Amino acid sequence: MAARVRALVLVGVVAIVPALLAPRAAAQGDGEKPALLDPDTRKYELDVLKPVFDKYYEAGSGYYEGSWRGEALWCFERAIELIPEAGGLRRFTGLLRDFDNPIWKRRKWKSPKAFVEAGFKKKKEQYDQAYATALLKLGAKYAKKPGDPILAKAAHERFLRALELVGGPYDLDAEGRLVAGKAGTIPADVSKRMVVDDLVLINGKRWLRDSMLRSLKSLDSVHEARDDRILVRTVTSEKQAADLLALLKLAYPQYEKQLGERATPRPLGLFVFPDTSSYQEWCKSSDHADRTLSAGFATSKEGFAVTFAQARLEPIALHEVAHLWHFDVYASEMPSWYAEGTAEFFGNSAAMRYAEGTLETGLKPTRATLAASLSDGRLRVPLGELLSGDANVRINAKDGSAEHFYREAWALYWFLSTTKDVRFAGRFADWENFGLGSRWSRDAQKQSGAQLFDQLFAPVRAELEAAFTAWAADPQ
Ligand SMILES: [Zn+2]
């Protein structure tokens, strides 16, 4: 299954990368508007924040003078976060972000050097600690006034951001207060609520929930295994997370070879629920109700392939992660048969072999593996229905045809991407290249993708059906 939400394309990715990389960052309720303070409170807040703003601003100006673009941008963006009212700085930073603006091309920017990096790292830590301290002070003041929902919300936002800035894992002190590194602590009564609502145990340590874990409020503890490119979370055991990480490490170069290089700094994520019911419950509560009958799916919004502990978990994980990989490489939503065909290339049980620390994927379909989807020499899902159909619709129809759709999608992807037949090879390459570069949306692909295929293959459509059916009966 595949579910894509197109990521925003941000200009100035350089400066944004650190935030994207932070594994448990961005805790402030996404989509939720921040608490709007009354003018007097905001004035007090500005008094507290101004000295911290000055640190970032002055350091940013210093880096700008010295032509250190990335460092200057980071400092200015932090300053704007503190005091969004600083409109001039905001406009300036907007310009500075626009690296392609010819004005900046005239300036010769320097690349990072070890001594600048060391100083920058120290400044980041020091200033962020001062920022977190200021936020804790503001939060503590607001939290003292009970019965004011706006201040309570503002306090919560300040505390969350302070925790984010210092980074996890977080401890509780003897009085039950959350410790935000060297910046200070959060009052015990607020800490008690935040431990339940905002924090989660990962491998036994407390971290802030990221957006995926925020949508799993009922889960208070998960297991995790990760390296710098892959992140696996399970509810069952740390061992299962480690086992799946080992599998994905082997799969990584194979995905890269077949699907292209990922264009995102975020880790390749896999989340495994302990059973069908908890998976289904999450689907229903997180806008994925149409996926409850699937074995899993990939969501580009969360950056996770999601599935549940089940027999044949490994091929399913490889299948779903292939979807996520595709989303991380291409902007386009491809027609269902192609999306499932590429995912089955890795995750069909007959397409992969995993034993003794060795993984093979992309194994060729055989007569035996395709036989079930042929009846009297005909495809159980006729080619026309395969090309225009939708895997998820078939799953939800519960008529048993989904199995054939997947198998035939895998076979068709194999056939078209390897055939030497001049009637099909060039047409398929054109269709695939155009589709992958097209930015088809989930809705648009259903028409455009199938229509373009029909147009390109129109002169040889009947021959394609005959050739593909013959090949599926006896793959050569
Ligand atoms: Zn799929």
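Analysis parameters
- Residues numbered from 1 in each chain as written.
- Predicted model: local features only at pLDDT ≥ 70, side-chain atom pairs only at ≥ 80, totals over all residues.
- Helix = DSSP H or I, 4+ residues; strand = E, 2+ residues; numbered from the N terminus.
- Buried ≥ 20, exposed ≤ 12 C-beta atoms within 10 Å, placed from the backbone.
- Contact = placed C-beta atoms within 7 Å.
- Axes fitted to C-alpha atoms, helices over the stretch in contact; angles between N-to-C directions.
- Parallel < 35°, antiparallel > 145°, perpendicular 65-115°, else oblique.
- Left-handed = near helix turned anticlockwise from the far one by under 90°.
- Nonpolar A, V, L, I, M, F, W, Y, C, P; charged D, E, K, R; others polar.
- Core = buried A, V, L, I, M, F, W, Y, C linked by C-beta atoms within 7 Å.
- Domains from an automatic or database assignment.
- Pairing = 2+ DSSP bridges.
- Expected span 1.5 Å × (residues − 1).
- Arc of directions from axis to C-beta.
- Bend = angle between axes of the 7 residues up to and from the residue.
- pLDDT = per-residue confidence, 0-100.

Participant: How should the overall build of the protein be read in this particular structure?
Facilitator: Scanning the protein from terminus to terminus reveals 20 helices and 14 strands. Split into buried and exposed, the 476 residues of the protein put 39% on the buried side. Here the contacts in the protein between residues at least 6 apart in sequence split such that 62% fall between residues at least 24 apart.

Participant: What is the right way to read the packing of helix α2 (residues 39-65) against helix α3 (residues 69-82) from this model?
Facilitator: In a packed pair of helices, the relevant descriptors are the angle between the two axes and the axis-to-axis distance. Two elements in contact, α2 and α3, have axes whose closest approach is 8 Å; the angle formed by their N-to-C orientations is 160°. Considered as vectors, α2 and α3 are oriented roughly antiparallel to each other. Considering the relative orientation of α2 and α3, their crossing is left-handed. Where α2 approaches α3, its residues L49, V52, F53, Y56, Y57, A59, G60, Y63 and Y64 are matched on the opposing element by E71, A72, C75, F76, R78, A79 and L82. Looking at side-chain class alone, the contact of α2 with α3 contains 13 nonpolar, one polar and two charged residues.

Participant: Help me understand the nonpolar core in this model?
Facilitator: Inside soluble globular proteins, nonpolar side chains tend to come together where they are buried. With 118 residues, the main nonpolar core has A162, L270 and V321 as its most contacted residues. Ranked by residue count, the leading element in this core is helix α17 (residues 402-418), at eleven residues. Of the domains in this structure, domain 1 (24-167) and domain 2 (367-473) are the two that each give at least three residues to this core. Each residue touching L270, except ones within four places of it in the same chain, is listed here: V232, L244, L248, F304, A305, A317 and V321.

Participant: Any chance you could explain the domain arrangement of the protein here in plain terms?
Facilitator: Buried accessible area, meaning the area lost when the parts come together, often serves as the stated size of an interface. As far as domains go, the protein holds domain 1 (24-167) and domain 2 (367-473). Measuring from the centre of the C-alpha atoms in domain 1 to the corresponding centre in domain 2 gives 51 Å.

Participant: Explain the pairing of strand β5 (residues 205-208) to me, please; I cannot follow it from the model alone.
Facilitator: For a regular strand, the rule is simple: side chains alternate between the two faces of the sheet. Alignment of strand β4 (residues 199-202) against β5, held across four bridges, turns out to be antiparallel. If you follow I202 over to β5, its bridge partner there is K205. A loop of two residues connects β4 with β5, the two strands running antiparallel in sequence, and N203 in this loop sits at a positive phi of about 50°.

Participant: Can you help me understand the environment of Q476 in this one?
Facilitator: Mapped onto the elements of the fold, Q476 is located in the segment after α20 (461-473). A sequence separation of 65 residues divides Q476 from A411, and the C-alpha atoms of the two residues are 12 Å apart.

Participant: Just checking my understanding: could you explain the pairing of β4 for this structure?
Facilitator: By the bridge criterion, two bridges tie β4 to strand β6 (residues 221-226) in an arrangement that is parallel. Within the sheet, the bridge partner assigned to I202 lies in β6 and is V222.

Participant: Any chance you could explain α20 here in plain terms?
Facilitator: Residues lying three or four places apart along an α-helix face the same way, a consequence of the helix completing one turn every 3.6 residues. Taking 1.5 Å of rise per residue, 13 residues should cover 18 Å, and α20 covers 19 Å from first to last C-alpha, within 8% of that figure. Listing the buried residues of α20 in full gives L464, F468 and A472. One side of α20 carries all its buried residues, which in axial view fall inside an arc of 55°. For α20, the exposed residues lying more than 90 degrees away from the buried face are A462, A466 and A470.

Participant: It is not clear to me how helix α10 (residues 238-259) should be interpreted in this structure. Could you clarify?
Facilitator: The terminal C-alpha atoms of α10 lie 29 Å apart, and with 22 residues this matches the ideal 32 Å at 1.5 Å per residue to within 8%. Along α10, the sharpest change in direction is near 35° and occurs at A251; proline P253 comes one to four residues later. Those residues of α10 that sit buried are A241, L244, L247, L248, A251 and Y255. Where α10 terminates, the next one or two residues include G260, which has phi positive at roughly 105°.

Participant: Help me understand the environment of D198, please; the structure alone is not making it clear to me.
Facilitator: Note that D198 resides in the loop between α8 (188-197) and β4. Residues D198 and D220, 22 residues apart in the sequence, show an inter-C-alpha distance of 9.7 Å.

Participant: What's the story with the packing of α3 against helix α4 (residues 87-97) in this structure? I'm lost.
Facilitator: The geometry of α3 relative to α4 is characterised by a closest axis approach of 10 Å and an angle of 150° between their N-to-C directions. The angle between α3 and α4 places the two elements in the roughly antiparallel class. For α3 against α4, the interelement crossing comes out left-handed. Side by side, α3 and α4 meet where A72, L73, F76, E77, A79 and I80 of the first sit next to L89, R90, T93, L96 and R97 of the second. Each residue belonging to the contact of α3 with α4 can be placed in one class, and the counts come to seven nonpolar, one polar and three charged.

Participant: Is there a simple way to think about unusual backbone geometry in this case?
Facilitator: Most of the time, phi is negative for any residue but glycine, and the peptide bond is trans. The residue after G168, namely P169, is reached through a cis peptide bond having omega -5°. By the secondary structure assignment, P169 is in the loop between α7 (149-166) and β2 (178-180). Non-glycine residue S67 carries a positive phi angle of around 65°. S67 gets classed as exposed once you count the C-beta atoms within 10 Å, which come to 12.

Participant: What is the right way to read the confidence of the model for the protein from this model?
Facilitator: A low pLDDT means the predicted coordinates there should not be read in detail. Across the protein, the average pLDDT comes to 88, with 91% of residues at 70 or higher. Across the protein, the secondary-structure element scoring lowest on mean pLDDT is helix α1 (residues 13-21), at 28, and the one scoring highest is strand β12 (residues 358-360), at 98. Counting contacts from residues 5-31, a segment whose pLDDT is below 50, to residues more than four positions away or on other chains yields 39 contacts.

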